[in-house]
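# Descriptive structure summary
Here are the chains, one letter per residue:
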Amino acid sequence: MAYVTLNSHYSKTALTRMGMPRWLLIAAVAICATQSFLPNFMIRLPESWIPPSAQILDYFFNEIVINTLHFNELTRWFAEGPLDFMLGFTANLLEGKHRWPFLDDPLPWSAIAAVATVLGYYLGGWRMALLGGGTFVWTALMGQWKITMQTLSVLAVAAPLGFLIGLVAGIVAWKWKWFDNAIKPVLAVMQTLPFYTYLLPAVIFFKVGPTAGAIATTIYATPPMILMTTVGLKKVSPEIVEAGKMSGCTRWQMLTRVFIPSARSEILVGVNQVIMLCLAMVVLTAFIGMPGLGGKLLAMMNSFKLGRSLEIGITIVLIAIMLDQMSKAWVVKLPAHFEKGTPWHIRNKYLLFAIGAFILFLVSAQFIDILNEVGRRQSLSIGREIDGAIKGFLNIDIVKSITGFLRYVLNVWILVPFRDFLLWIPVSAFLLLVVAFAWSVGGRRPAAYAAVFFTLVAFSGWWDRSIITLYSVLAAVFISMLVGIPLGIYASRSEKWAKRTLLVCDTAQTFPSFIYLLPAIMLFGITDTTVVLSIVIFTTVPLARYTIEGLRNVPSELTEAADMSGATRWQKLVKVQLPVALPTMAVGFNQAIMFAFFMVIIAAFIGTQDLGQELQRTLAGTDLGKNFVLGINVSLMALTFDLAIISWANKRKEALGL
């Protein structure tokens, strides 16, 4: 039977891979059992063995980068010159700052909404037009126009900068293999570094405020643009290249008229990623005093105003969905071609419609106040009412008893004992366990990387803090599996429920990450339960999403063969659908772990004992060395799981012939 063959093949390969890690496991258990007789260096590395990495990096930054190379003078010039000018320009247009082009007032919200409506219609019809215009109408009517424009004025600078830097670096990586090989590990680390590691250098080397926020946002969002540009240029077919050469194109013409147009889809996917990451990061720059949606949301959270926070979160979600959908529509929309001699106004009718709509509402706003600005009294915000309803709900006795019971059980019986158990394991045994895991999942190469990465963590001097960080990640991902995978399995059985669940996943994933902390705090107080459950909300999304995608993409031939062989629904799920869907689901596991490492650093906002708390403290000073060491620790742990899971998924796809 098809499903029996498939399952037995999987079991044999799994047992083959498990041969060597069994010895590692035995050694790890032996170390744990005999640790009272072992020398101290096998339990925890002595402080004398810890190299002064942070001090060395501080010396490098202060003496070489700043005092010798005077890099800070260059960055301050850029911050106070070109960058400040660009930010001033966008801020003047959107916020009404008194700078060039010296407009007396910002652009009316109705004029911007009208242009977004026309652009949406051009890209995707009436639905996209409603999304584009409706987003800005919501923003204005909720009384959030000014803070939204503060965020978008920085985004309008950071996203184009990220695109240009990523495009140029991607072209260089495509052109010179040595550069590609050198930059790949750097990009891998950049994509797993906690966001605090971007914020402190931006504050030190650039002015505090929008300039630091714009630079941190640009650097954070650039890696996917580099990767997608390189991938797209490498995929250009030799036939297209040969045709360009035969037509006599110069090198510049080959690049601009052959390679880049042929890689258009991949490059635009990179643009989409840049925009979405810029929006995510520009909200997080609230931690370094950046005004806008993130700053207001942070202030509301500090005041425990969940209603107002929810409204701001919805605004961020709408903007994220709008930018995401419009940029994706741009990717699939092919360039329009017109016959020779077509009048200019026909070829550019949407541009003319946008200009006409802009002028119409610009003039109308001079006579109709509400089209220019929605005042506080005219706002439709119901944040206070929501706050009152939530407080009333939380004061219900049965709600108090349920949350108190869950908090006690999770804290006392599960989470704290699990944390203490991980901290009890000797460093040497923990290294063996991590290597065994990576070997059993991904093979020898991921195991070698795991050994190196966790050894570096051990020698960083922050082992216990790293283990507490890892404990939060593992606990959250495990709970997310118990929720996300059954949810994905159930939703995959119906097209209707699959679409609904994916819509909820899309919405949940675009909410600003630290908004999930507030309901967890209000329900469970400041405890380990709060930290873990706030991560669970964020990490359940990819597990549910990729479970649905994996099960829906199982070839119908396999399920039909299982049905014909008399398999029950449970047998078909366990022995056919899940084994085939696992490579896709592995992407969900990987994303869940990456999201968990990201979110556990956010959770430091409420007070934790992990690396995130130490990273947050570095923002109050100039400890670049310490900041970098802590960030690298998070990155190394995340990369260990990333490399092992991706390696397993690739081998599994190859074994299944996918």
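What counts, and where the lines are drawn
Residues numbered from 1 in each chain as written. Predicted model: local features only at pLDDT ≥ 70, side-chain atom pairs only at ≥ 80, totals over all residues. Heavy atoms only, no water. Axes fitted to C-alpha atoms, helices over the stretch in contact; angles between N-to-C directions. Helix = DSSP H or I, 4+ residues; strand = E, 2+ residues; numbered from the N terminus. Left-handed = near helix turned anticlockwise from the far one by under 90°. Contact = heavy atoms within 4.5 Å. Nonpolar A, V, L, I, M, F, W, Y, C, P; charged D, E, K, R; others polar. Salt bridge = Lys/Arg side-chain N within 4 Å of Asp/Glu carboxyl O. Buried < 20%, exposed > 50% of the residue type's maximum accessible area, 1.4 Å probe, protein only. Patch = residues over 30% accessible without salt bridge, like charges linked within 9 Å, V, L, I, M, F, W, Y side chains within 5 Å. Areas by Shrake-Rupley, 256 points an atom, 1.4 Å probe, with all protein chains shown as cover. pLDDT = per-residue confidence, 0-100. Parallel < 35°, antiparallel > 145°, perpendicular 65-115°, else oblique.

### Comments concerning the packing of helix 26 (residues 517-524) against helix 27 (residues 528-552)
Across the interface, helix 26 lies against helix 27 with an axial gap of 9 Å and an inter-helix angle of 145 degrees. For the pair helix 26 and helix 27, the sense of crossing is right-handed. Across the interface between the two elements, L517, A520, I521 and F524 from helix 26 touch T529, T530, L533 and S534 from helix 27. Partitioned by chemical class, the residues of the contact of helix 26 with helix 27 number 5 nonpolar, 3 polar and no charged.

### Regarding the pattern of salt bridges
All told, the structure shown has 13 salt bridges when counted by the stated rule. A salt bridge links R419 to D420, with the nearest nitrogen and oxygen atoms 3.4 Å apart. A relative accessible area of 16% means that R419 is categorised as buried. A salt bridge links R465 to E614; the shortest N-O distance between them is 3.1 Å. With a gap of 149 residues between them, R465 in helix 24 (residues 463-492) and E614 in helix 30 (residues 611-618) connect regions that are remote in the sequence. Exposure remark for E614: the relative accessible area of 5% places this residue in the buried category. Taken together, the salt bridges that share partners define one network made up of R465, E614, R617 and K626.

### Points about a nonpolar patch on the surface
A grouping of W344, L351, L352, I355, I359, V363, F367, I368 and I370 is seen on the molecular surface, where their side chains present a nonpolar patch of about 850 Å² in accessible area. At 5 residues, the largest contribution of residues to the nonpolar patch is made by helix 18 (residues 349-364). Along the chain, I370 turns up in helix 19 (residues 369-372). The exposure class of I370 is partly exposed, given its relative accessible area of 36%.

### Quick look at the confidence of the model for the protein chain
The predicted coordinates ought not to be read in detail in places where the model reports low pLDDT. Chain-level statistics for the protein chain give a pLDDT mean of 86 and a share of 95% at 70 or above. Mean pLDDT values for the elements of the protein chain range from 44 in helix 1 (residues 2-17) up to 95 in helix 23 (residues 444-458). Note that pLDDT drops below 50 for residues 1-19; the model gives that stretch 24 contacts with residues more than four away or on any other chain.

### Description of the packing of helix 10 (residues 196-205) against helix 31 (residues 624-656)
Two numbers describe how helix 10 lies on helix 31: the axes approach to 9 Å, and their chain directions differ by 160 degrees. As far as their axial angle goes, helix 31 and helix 10 are roughly antiparallel. In this structure, the crossing between helix 10 and helix 31 has a hand that is left-handed. For the pair formed by helix 10 and helix 31, the contact residues are Y196, T197, L200, P201, I204 and F205 on the first element and L624, N627, F628 and G631 on the second. Here the contact of helix 10 with helix 31 is composed, by residue class, of 7 nonpolar, 3 polar and no charged.

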